[in-house]
Amino acid sequence: MQFAEHYEEVCCRVAAACARSTRTPGDVRILPVSKKQVPEAIAAAADCGVEVFGESRVQEALQKIPLCSSRLEWHMIGHLQSNKVRPAVEIFRMIHSVDSLKLLQAINQACDDSGRSMPVLLQVNVSGERSKSGLAPEEVAQVLEAASELQRTEIMGLMTLPPFDEDPETTRPYFAALREMRDALRVSSGYPLEQLSMGMSHDFEVAIEEGATWIRLGTILFGKRK
Ligand SMILES: *Cc1c(COP(=O)(O)O)cnc(C)c1O
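So, how was this worked out
Residues numbered from 1 in each chain as written. Predicted model: local features only at pLDDT ≥ 70, side-chain atom pairs only at ≥ 80, totals over all residues. Heavy atoms only, no water. 1 Å grid on protein atoms, 1.4 Å probe; cavity = no way out; pocket = protein on both sides within 12 Å on 5 of 7 lines; lining within 4 Å. Points joined across faces, edges and corners; volume = space filled by probe spheres on them. Nonpolar A, V, L, I, M, F, W, Y, C, P; charged D, E, K, R; others polar. Buried < 20%, exposed > 50% of the residue type's maximum accessible area, 1.4 Å probe, protein only. Helix = DSSP H or I, 4+ residues; strand = E, 2+ residues; numbered from the N terminus. Pairing = 2+ DSSP bridges. Right-handed = clockwise from strand over helix to strand, strands pointing away. Axes fitted to C-alpha atoms, helices over the stretch in contact; angles between N-to-C directions. Parallel < 35°, antiparallel > 145°, perpendicular 65-115°, else oblique. Left-handed = near helix turned anticlockwise from the far one by under 90°. Contact = heavy atoms within 4.5 Å. Salt bridge = Lys/Arg side-chain N within 4 Å of Asp/Glu carboxyl O. Arc of directions from axis to C-beta. Core = buried A, V, L, I, M, F, W, Y, C linked by side-chain atoms within 4.5 Å.

(A) Up close: empty space enclosed by the protein. On inspection of all chains with the given rule, the structure shows one cavity of 30 Å³ or more. Residue lining of the largest cavity: Gln123, Val124, Asn125, Val126, Ser127, Lys132, Ser133, Thr160, Leu161 and Pro162, and that is the complete set. A class-by-class count of the residues in the lining of the largest cavity yields four nonpolar, five polar and one charged.

(B) Expanded view of the pairing of strand E2 (residues 52-55). By the alternation rule, side chains of E2 split into Val52 and Gly54 and Phe53 and Glu55, which are all buried. The sheet contact formed by E2 and strand E3 (residues 73-76) spans four bridges and is parallel. Across the sheet, glycine 54 pairs through a bridge with histidine 75, a residue of E3. Assessed by its sense of winding, the connection that carries the chain from E2 through helix H3 (residues 58-64) to E3 is right-handed.

(C) Fine view of the pairing of strand E5 (residues 118-123). Burial runs high along E5: five of the six residues are buried. Note: strand E4 (residues 94-98) against E5, two bridges, orientation parallel. Bridge pairing links isoleucine 95 to valine 120 in E5. Summarising the sheet, E5 and strand E6 (residues 153-159) pair through six bridges and their orientation is parallel. Following the sheet pairing, leucine 121 is matched in E6 by glycine 157. Each parallel crossover has a hand, and for E5 linked through helix H6 (residues 140-147) to E6 it is right-handed.

(D) Focus on the packing of H6 against helix H7 (residues 168-189). Put simply, H6 and H7 touch, their axes get as near as 11 Å, and they point 40 degrees apart. Taken together, the axes of H6 and H7 are oblique relative to one another. In terms of crossing hand, the pair formed by H6 and H7 is right-handed. Counted together, Val140, Ala141 and Leu144 of H6 and Met181, Leu185 and Ser189 of H7 form the full contact between these two elements. For the contact of H6 with H7, the residue count by class is five nonpolar, one polar and no charged.

(E) The arrangement of the pattern of salt bridges in detail. What the rule picks out here adds up to 17 salt bridges. We note a salt bridge from glutamate 9 to arginine 13, for which the minimum N-O separation is 3.7 Å. Taken together, the residues span about one helical turn, with glutamate 9 and arginine 13 both in helix H1 (residues 3-20) at a distance of four residues. Under the relative-accessibility criterion, glutamate 9 is labelled partly exposed at 46%. With a relative accessible area of 27%, arginine 13 lands in the partly exposed category. Between glutamate 205 and arginine 13 there is a salt bridge whose closest N-O contact spans 2.8 Å. Within this pair, whereas glutamate 205 is found in helix H8 (residues 204-209), its partner arginine 13 is found in helix H1, the two being separated by 192 residues in sequence. Here the residues in one salt-bridge network are Arg20, Glu169, Arg172, Arg179, Glu180, Glu209 and Glu210, joined through shared partners.

(F) How the structure looks around helix H2 (residues 39-47). Looking at H2, one finds that the buried residues are Pro39, Ala41, Ile42, Ala45 and Ala46. For H2, the buried positions fall inside an angular range of 155 degrees around the axis, keeping them on one side. Exposed residues lying more than 90 degrees from the buried face of H2 are Glu40 and Asp47. Looking at the buried side of H2, the elements it contacts are H1, E2, H3, E3 and helix H9 (219-222). Positive phi shows up at glycine 49, right after H2, with a value of about 95 degrees.

(G) Quick look at the nonpolar core. Counting residues in hydrophobic clusters, the biggest one holds 63 residues, and the most contacted among them are Val14, Leu80, Ile107, Leu122, Val140, Leu158 and Ile215. Sequence-distant contacts of isoleucine 107, that is, excluding residues within four places in its chain, are made with Leu80, Val85, Val89, Ile95, Val98, Met118 and Thr153. In terms of nonpolar packing, the next biggest core, distinct from the first, is built from eight residues, Leu31, Val33, Ile77 and Met94 among them.

What follows is the structure in structure tokens.
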């Protein structure tokens, strides 16, 4: 467990990727993904100043969060089932993985019932892979339009999870496509859509070069998941 060293190295690589692409390092946020990590590992990360973590399963997060410092914040990055929406809006400060209008409406309703509001990202299945969840690219505009009726959810941007490939250059076109989609939707919908959640341990530098504002990093920071 050498989170501190891993984190320091990743921060340097983030800064270098920002410099290459003339981006401001403060515009790129690292979201350490703590799924399958024990509370001790999360505490070690918190000691390095990390305050926000990504989790992909509500059940796991519900068990783990009470064992961690109460000053930490949690983001949901995995597929959210409709029967888990209520607990999810209680524990998460942001949901990166809204993959249907129905889910967005359910989040809005749950927030309304508990007097909260929720920043969200729309997950887009850019590659069209059947195994991946996410909105089809052509559905996103309709969801944005319907979202204008929803008072409790705020769509901050887009997220994607491209097909895995060891070579990050293979993934670059998917990241570029998400950014281009965002740029077009920004004009057509009027939503600023400032956030782009894209890039993982093996391809985050390419994602930064293509405009990522949140990079979701698990194994590169925590080591292999059990
Ligand atoms: C697990 C996970 C990550 C982190 O993956 P690593 O390859 O370990 O960095 C990022 N995003 C999502 C949606 C995940 O489920």
